[in-house]
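Each chain is listed here by its residues.
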Amino acid sequence: MMQTESDATDALVIGAGVVGLSIALALQDRGLTVTVVDREGPAAGASAGNAGAFAFTDILPLASPGMLRKAPRWLLDATGPLTIPPAYAPAIAPWLFRFWRACRPAQVAASTVAQTALMDLSKAELEPFLQATGTLPMLRKDGNLQVYESEAEFEAARPGWQVRAAHGIAFRHMGAEEMAELQPGLSPRFVRGTFTPGWYSIADPRLYTLALAERFRGRGGRIVLAQVGALAPQGDGVEIAVVGGPALRAGKVVLAAGAHSHLIARSLGDRIPLETERGYNTTLPPDAFDLRTQITFGGHGFVVTRLSTGIRVGGAVELGGLKRPPNYRRAEVMLKKAQGFLPGLRATGGTQWMGFRPSLPDSLPAIGASRATPRVLYAFGHGHLGLTQSAGTARIVADLLTGRPAALDLAPFSPQRF
């Protein structure tokens, strides 16, 4: 056994992103002493550079028959909404097979029901969580405008809106004139749109995550900078092997390390098919455009979002793993498109970014215990919905670790479902 650092921690959370820190704060609320371990520190990954949206209406899984129809055309465009670098194709082939299986109508319907339940819980938990952590002033309720370049594109999207309507999600369809009133400066090429008022956002995702870290420390929590190499059950606790340092020990462990989580889970015998959605964006100065609501350009796979720190143009999916160098050409293409879609946009003075979003084939996160021990819980694989589902995931994990019944059916989120 490795030498372990003496520690009275009830629970250790691996990951200092928005999901990990939300869990850590929820565990503190239950009276537990908590340590957070992260390889780079708070808000160093996708929690810093995302679009800042609480996308509670985004209940449809990425894996769907519609995606299968679009994918061949998109994959031919190296800078399009969805791409796989050719050299990475052999490595991702098993994940793609599972993704294809998840596109079956029955699986899509089941995933939609499960996703909706997690969204409803996350929305209900959000404002109490923000109030308790002193971050409620950062919340915005500006909605989202999905735009379409033709009647045909709009009609193709109708089935998805019908599914949302069946789940009680509010929205309204618009013509060009009403869109112009809601968001001046939109190109006339967009003839239809759909506005969802229940789409919230945070003033800045990085500043929000850092505020959670500060709140956690203020309550007595400890954040350790270290790279976790492996986990091992040891008697009445868990030993956490640290690369280049003494092992840590805790009564219980929550693995919420985003796109790196599956590598650690392997040490417990869990082989979870997590893949990396590499997202790109450019953040422009705050006065780059008079943006009044988030705009989603669904046919092009990106959004434009107003943050307190700037205008963020980004999105798209590059399934390329953790090791390939960034292809910032993708960010440049999205920014150039945004200039055409928003003719008044000033596209100078921007900062580019690339981050890793942890994606599972059926678009649902893994939330539940390791097969090796109930003392290790997994909470990762949220894809592009980590911020959105952070408060709901924190509630679930806190309930599980303190012996309370889960607030929803966790079978669809089982880490052993693959």
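Preceding this paragraph is the structure being described.
Residues numbered from 1 in each chain as written. Predicted model: local features only at pLDDT ≥ 70, side-chain atom pairs only at ≥ 80, totals over all residues. Heavy atoms only, no water.

**Q** How should the nonpolar core be read in this particular structure?
**A** Nonpolar side chains in soluble globular proteins tend to end up buried together. Of all hydrophobic cores here, the largest spans 45 residues; its most connected members are V13, I23, L27, V36, F54, Y208 and V254. With near-sequence residues (within four places) excluded, V36 lies in contact with V13, G15, A16, L21, A24, F216, R222, I223 and V224. Judged by nonpolar contacts, the second largest core, of 27 residues, contains V147, L284, A288 and L291. (Core = buried A, V, L, I, M, F, W, Y, C linked by side-chain atoms within 4.5 Å. Buried < 20%, exposed > 50% of the residue type's maximum accessible area, 1.4 Å probe, protein only. Contact = heavy atoms within 4.5 Å.)

**Q** Just to check I follow, could you spell out the sheet that holds strand β14 (residues 252–255) for this structure?
**A** Strands pair in a sheet through their backbones, by hydrogen bonds, and they do so in one of two ways: parallel or antiparallel. Strand order in the open sheet made by the 6 strands is β10-β2-β1-β14-β21-β20, with mixed pairing throughout. The outermost strands of the open sheet, each flanked by one partner alone, are β10 (222–225) and β20 (366–369). Between one strand axis and the next, the sheet turns by 15° as a mean value, whatever way the strands run. Taken strand by strand, helix α8 (residues 205–218) contacts β2 (34–38) and β10, and its axis lies near 120° from that of β10. (Pairing = 2+ DSSP bridges. Helix = DSSP H or I, 4+ residues; strand = E, 2+ residues; numbered from the N terminus. Axes fitted to C-alpha atoms, helices over the stretch in contact; angles between N-to-C directions.)

**Q** What's the story with the sheet that holds strand β11 (residues 228–234) in this structure? I'm lost.
**A** The antiparallel open sheet is built from 3 strands, whose spatial order is β11-β12-β13. Of all strands in the sheet, those with a lone pairing partner are β11 and β13 (248–250), marking the two edges. Neighbour-to-neighbour, the strand axes of this sheet turn through a mean angle of 25°, independent of strand direction. As defined by bridge partners, β11 adjoins strand β12 (residues 237–242) across 6 bridges and the pair is classed as antiparallel. In the sheet register, L231 faces β12, and the bridge partner there is I240.

**Q** Explain the packing of helix α1 (residues 18–29) against helix α11 (residues 390–401) here, please?
**A** To describe two helices that pack against each other, one gives the angle between their axes and the distance between the axes. Put simply, α1 and α11 touch, their axes get as near as 8 Å, and they point 45° apart. What the angle tells us is that α1 and α11 run oblique. Where α1 crosses over α11, the handedness of that crossing is right-handed. Residues V18, V19, S22, I23, A26 and L27 of α1 form the contact with α11, whose participating residues are S390, T393, A394, V397, A398 and L401. Residue composition of the contact of α1 with α11, by class: 9 nonpolar, 3 polar and no charged. (Parallel < 35°, antiparallel > 145°, perpendicular 65-115°, else oblique. Left-handed = near helix turned anticlockwise from the far one by under 90°. Nonpolar A, V, L, I, M, F, W, Y, C, P; charged D, E, K, R; others polar.)

**Q** Help me understand a nonpolar patch on the surface, please; the structure alone is not making it clear to me.
**A** On the surface, L68, F97 and W100 cluster together into a nonpolar patch covering about 320 Å² of accessible area. Position of L68 relative to the elements: it lies in helix α3 (residues 65–75). (Patch = residues over 30% accessible without salt bridge, like charges linked within 9 Å, V, L, I, M, F, W, Y side chains within 5 Å. Areas by Shrake-Rupley, 256 points an atom, 1.4 Å probe, with all protein chains shown as cover. Salt bridge = Lys/Arg side-chain N within 4 Å of Asp/Glu carboxyl O.)

**Q** Honestly, the side chain of T283 in this entry has me stumped. Any pointers?
**A** Tracing the backbone through its elements, the reader meets T283 in strand β15 (residues 275–284). Ignoring any residue separated from it by four or fewer positions in sequence, one finds T283 in contact with T309, G310, I311, R312, G349, G350 and T351.

**Q** I'm lost on empty space enclosed by the protein in this one. Help?
**A** Empty space among the atoms can be located by rolling a probe the size of a water molecule over them. Evaluated as defined, the whole model comprises 2 cavities of 30 Å³ or more. One number sums up the size of the largest cavity: a volume of about 80 Å³. Along its surface, the largest cavity is lined by D142, G143, W199, Y200, S201, R292, T293, Q294, T305 and R306. Looking at the lining of the largest cavity, the elements with two or more residues in it are β9 (200–202) and β17 (302–307). When its residues are assigned to classes, the lining of the largest cavity shows 2 nonpolar, 5 polar and 3 charged. Taken together, T79, G80, P81, H300, F302, A316, V333, M334 and K337 make up the lining of the second largest cavity. At 3 residues, the largest contribution of residues to the lining of the second largest cavity is made by helix α10 (residues 329–341). Considered class by class, the residues forming the lining of the second largest cavity number 5 nonpolar, 3 polar and 1 charged. (1 Å grid on protein atoms, 1.4 Å probe; cavity = no way out; pocket = protein on both sides within 12 Å on 5 of 7 lines; lining within 4 Å. Points joined across faces, edges and corners; volume = space filled by probe spheres on them.)

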